[in-house]
Amino acid sequence: MKYLILLLLALLAASCTPTSVKAVYLVQNPGQLSSSDLQAHPEVVVVNTFSDLKQNAHTRVALWIDKNATVLIDGEWLDQAPQMYYPLVLVGYNDTLYAFKYVLHICCFGGPAGIDWTTKVLEPGFSVIEREGANGLVSGATFLQGYNQTPRVQDILNITNPLLEGTFKPAATAIVTASMPTQPPSTKP
């Protein structure tokens, strides 16, 4: 009987296709992404502590940080190799300057000072950056885009997966990969 149970467990384990992790999402409740949306995507590991984020980022994955969890982040860690070169998403804010310079305080992110953020529409949305460089130094960003829309897991994966795979092709205009993107204002006279 013991051998039959072991055989059944072995067959069950062999039949389960492991899902490779594509992203690690650090969140404190309530998060910007719904629980049901996250449960439909086993390739996104949800964590609630900075320690768990670090533990799950030992190989190249996209790092997703919820705006409600930014207080958990050690900003210096985001600026250390190898994770400084991983795709990084701040879920909750659509303005990249605000997200990366003023909220996450990542290294070497320039932009104007003295902006009155109370006059800007920062939510809903998410912002994505992928930096490049060598030997722990940043030389620039290979990708930087903010998305003014309700964040959804698949929309974010549509951006971070190609960045992880090195297949993302930059375009001259803003890339819309979301299912319900916010349309730019009309320029009609």
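Every chain begins its residue count from 1, and numbering advances along the sequence as written. Whole-chain, interface and lining totals are the exception, using all residues; otherwise, since this is a predicted model, local features are given only for residues with pLDDT of at least 70 and side-chain atom pairs are given and counted only at 80 or more. The basis for the side-chain values is all heavy atoms of the structure; hydrogens and waters are excluded.

## Things to note about the side chain of T160
By definition, any uninterrupted DSSP run of H or I lasting at least four residues is a helix, any uninterrupted run of E lasting at least two residues is a strand, and each is numbered from the N terminus. Along the chain, T160 falls in helix 6 (residues 153-165). Three labels apply to residues, based on accessible area from a 1.4 Å probe with only protein chains included: buried if under 20% of the type maximum, exposed if over 50%, partly exposed otherwise in between. T160 gets classed as buried once you look at its relative accessible area, which sits at 0%. Among residues more than four places away in sequence, those in contact with T160 are A62, W64, P87, V89 and V128. What makes two residues a contact is simply this: any of their non-hydrogen atoms within 4.5 Å.

## Comments concerning empty space enclosed by the protein
A 1.4 Å probe that fits into a set of points on a 1 Å grid over the protein atoms alone but cannot get out defines a cavity; an open set with protein on both sides within 12 Å along at least five of seven lines defines a pocket, and lining residues are those with an atom within 4 Å of a point. Grid points are joined across faces, edges and corners, and a volume is the space filled by probe spheres set on the points. On inspection of all chains with the given rule, the structure shows one cavity of 30 Å³ or more. A volume near 30 Å³ is recorded for the largest cavity. What lines the largest cavity is simply L78, Q83, M84, Y86, L88, I129 and R131. Residue classes follow a fixed rule: Ala, Val, Leu, Ile, Met, Phe, Trp, Tyr, Cys and Pro count as nonpolar, while Asp, Glu, Lys and Arg count as charged, and any other residue, Gly among them, counts as polar. By residue class, the composition of the lining of the largest cavity is five nonpolar, one polar and one charged.

## Here's the deal with the nonpolar core
Generally speaking, a soluble globular protein has its nonpolar side chains buried in company with each other. We call a set of buried residues a nonpolar core when its members are Ala, Val, Leu, Ile, Met, Phe, Trp, Tyr or Cys and they connect through side-chain atoms within 4.5 Å of each other. With 29 residues, the main nonpolar core has L53, L63, L78, L88 and F100 as its most contacted residues. Not counting the four nearest positions on each side in its chain, L88 is found in contact with L63, I65, L78, F100, L104, I106, S127, V128 and I129. With 21 residues, the next largest nonpolar core counts L33, V44, V91 and Y147 among its residues.

## Here we look at the pattern of salt bridges
The salt bridge definition used is simple: a Lys or Arg side-chain nitrogen within 4 Å of an Asp or Glu carboxyl oxygen. On inspection of all chains with the given rule, the structure shows four salt bridges. Notably, a salt bridge pairs E165 with K22, separated by 3.9 Å at the nearest N-O pair. Of this pair, E165 sits in helix 6 while K22 is found in the loop between helix 1 (2-15) and strand 1 (23-26), placing the two residues 143 residues apart along the sequence. D79 is paired through a salt bridge with R131; the nearest N and O atoms lie 2.8 Å apart. Highlighted residues: D79 in the loop between helix 4 (75-78) and strand 4 (88-91) and R131 in strand 5 (residues 126-134), separated in sequence by 52 residues. In terms of burial, D79 and R131 fall into one category: buried.

## As for the packing of aromatic side chains
The relation between two aromatic rings is expressed through the spacing of the ring centres and the mutual angle of the planes. Only rings of Phe, Tyr and Trp enter the pairing, Trp through its six-membered ring, and a pair is recorded when the two centres are within 6.5 Å. The plane angle decides the type: under 30 degrees is stacked, over 60 is edge-to-face, the rest tilted. A complete count under the given rule lists six aromatic pairs for this structure. Each ring, one from Y93 and one from Y98, has its centre 5.0 Å from the other, and the planes form 80 degrees; the classification is edge-to-face. Taking relative accessible area as the criterion, Y93 reaches 13% and is therefore assigned buried. With a centroid separation of 4.8 Å and 20 degrees between ring planes, the pair formed by F126 and Y147 is classed as stacked. Placement of the pair is F126 in strand 5 and Y147 in strand 6 (residues 137-147), with a sequence separation of 21 residues. There is no split in this pair, since F126 and Y147 are both buried. Counting every residue linked through ring pairs, the aromatic cluster contains Y93, Y98, Y102 and W117.

## A closer look at the confidence of the model for the protein chain
Of the residues in the protein chain, 77% reach a pLDDT of 70 or more, and the chain-wide mean stands at 82. Residue-level confidence of the predictor is what pLDDT reports, using numbers from 0 through 100. Here residues 3-17 is a poorly scored stretch, pLDDT under 50, and it has zero contacts once near neighbours within four places are set aside; other chains count. Here residues 172-189 is a poorly scored stretch, pLDDT under 50, and it has 18 contacts once near neighbours within four places are set aside; other chains count.

## A few points about the side chain of H41
Among the structural elements, H41 can be located in the loop between helix 2 (35-39) and strand 2 (44-47). When residues no more than four places from it in sequence are discounted, the contact partners of H41 are V153, Q154 and L157.

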